[in-house]
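# Summary of the model geometry
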Amino acid sequence: MFEALFTLGGASQQYRLYISLLSGYHGAGDYTVNSPAGAYVYLRNYATGTLWQSLGGFLAVDDDQLSGTLDASLGFVGSGAPSTPLTVVGTWRCD
């Protein structure tokens, strides 16, 4: 099992990014986001609770299992969906 939580801060907003591999985790390597044995990604606005969940993408876990890369597209959960789709792309590291 692999789980990570990151805080993302902007000028006026704060978000929580959750990465979860509840089954199929085999250590370092590449994972497909939203596949049965893959990763799931969620982004929540900390103040409002607004939630986006992953629709697809890729997660890489480096050999140290404390860093890697993420490229995921996210869809809004709920009614009154924001018109702007979200993509989370970049490197990550747990200290």
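The structure this text deals with has already been given above.
This text gives an overview of the structure that appears in the document. (Residues numbered from 1 in each chain as written. Predicted model: local features only at pLDDT ≥ 70, side-chain atom pairs only at ≥ 80, totals over all residues. Heavy atoms only, no water.)

### Quick notes on the pattern of salt bridges
- Overall, the coordinates contain two salt bridges when judged by the stated rule.
- One salt bridge connects Arg 93 with Asp 64, and the closest N-O pair in it is separated by 3.3 Å. Note that Arg 93 is positioned in strand 7 (residues 86–93) and Asp 64 in the loop between strand 5 (51–61) and strand 6 (67–77), a separation of 29 residues in sequence.
- Where Arg 93 meets Asp 95, a salt bridge forms, and the shortest distance between an N and an O atom there is 3.5 Å. (Salt bridge = Lys/Arg side-chain N within 4 Å of Asp/Glu carboxyl O. Helix = DSSP H or I, 4+ residues; strand = E, 2+ residues; numbered from the N terminus.)

### Examining the pairing of strand 6
- Where strand 5 and strand 6 come together, 10 bridges link them in antiparallel fashion. Across the sheet, residue Val 61 finds its bridge partner in strand 6, namely Gly 68.
- In this structure, the hairpin formed by strand 5 and strand 6 is closed by a connection of five residues, where Gln 65 is found at a positive phi of approximately 60°.
- In this structure, strand 6 lies alongside strand 7, joined through eight bridges in antiparallel fashion. Opposite Ala 72, over in strand 7, you have Val 88 as the bridge partner. (Pairing = 2+ DSSP bridges.)

### Overview of the pairing of strand 5
- A large share of strand 5 lies buried, amounting to eight of its 11 residues.
- Here four bridges tie strand 3 (residues 29–32) to strand 5, and the two strands are oriented antiparallel to one another. Bridged to Tyr 31 within strand 5 is Leu 59.
- The pairing of strand 4 (residues 40–45) with strand 5 spans three bridges and is antiparallel. Within strand 5, the residue paired with Leu 43 across the bridge is Trp 52.
- With antiparallel pairing between neighbouring strands as the criterion, strand 4 and strand 5 make up a hairpin whose turn holds five residues, including Gly 49 at a positive phi of roughly 80°. (Buried < 20%, exposed > 50% of the residue type's maximum accessible area, 1.4 Å probe, protein only.)

### Things to note about the nonpolar core
- Ranked by internal contacts, the top residues of the largest apolar core, which has 20 residues, are Leu 59 and Leu 70.
- Excluding residues that lie within four positions of it along the chain, Leu 70 makes contacts with Leu 17, Ile 19, Val 33, Val 41, Phe 58, Leu 59, Val 88, Val 89, Gly 90 and Trp 92. (Core = buried A, V, L, I, M, F, W, Y, C linked by side-chain atoms within 4.5 Å. Contact = heavy atoms within 4.5 Å.)

### Details of the packing of aromatic side chains
- Inspection of the entire model under this criterion finds six aromatic pairs.
- Consider the rings of Tyr 25 and Tyr 31, whose centres lie 5.8 Å apart with planes at 20°: the pair is stacked.
- Looking at Tyr 31, the relative accessible area reads 4%, which means it is buried.
- Counting every residue linked through ring pairs, the aromatic cluster contains Phe 2, Phe 6, Tyr 25, Tyr 31 and Trp 92. (Phe/Tyr/Trp six-rings, centres within 6.5 Å; stacked < 30°, edge-to-face > 60°.)

### Notes on the side chain of Asn 45
- Its location among the elements puts Asn 45 in strand 4.
- A polar atom in the side chain of Asn 45 sits 2.7 Å from the side chain of Gln 13.
- Engagement of the side chain of Asn 45 in a polar contact is seen with the backbone nitrogen of Thr 48, the distance being 3.0 Å.
- Ignoring sequence-local partners within four residues, the contact set of Asn 45 consists of Gln 13, Gln 14, Tyr 15, Thr 50 and Trp 52. (Polar contact = N/O pair within 3.5 Å; in protein donor to acceptor, adjacent residues only side chain to side chain.)

Bear in mind that shape data such as this cannot, by itself, settle questions of function.
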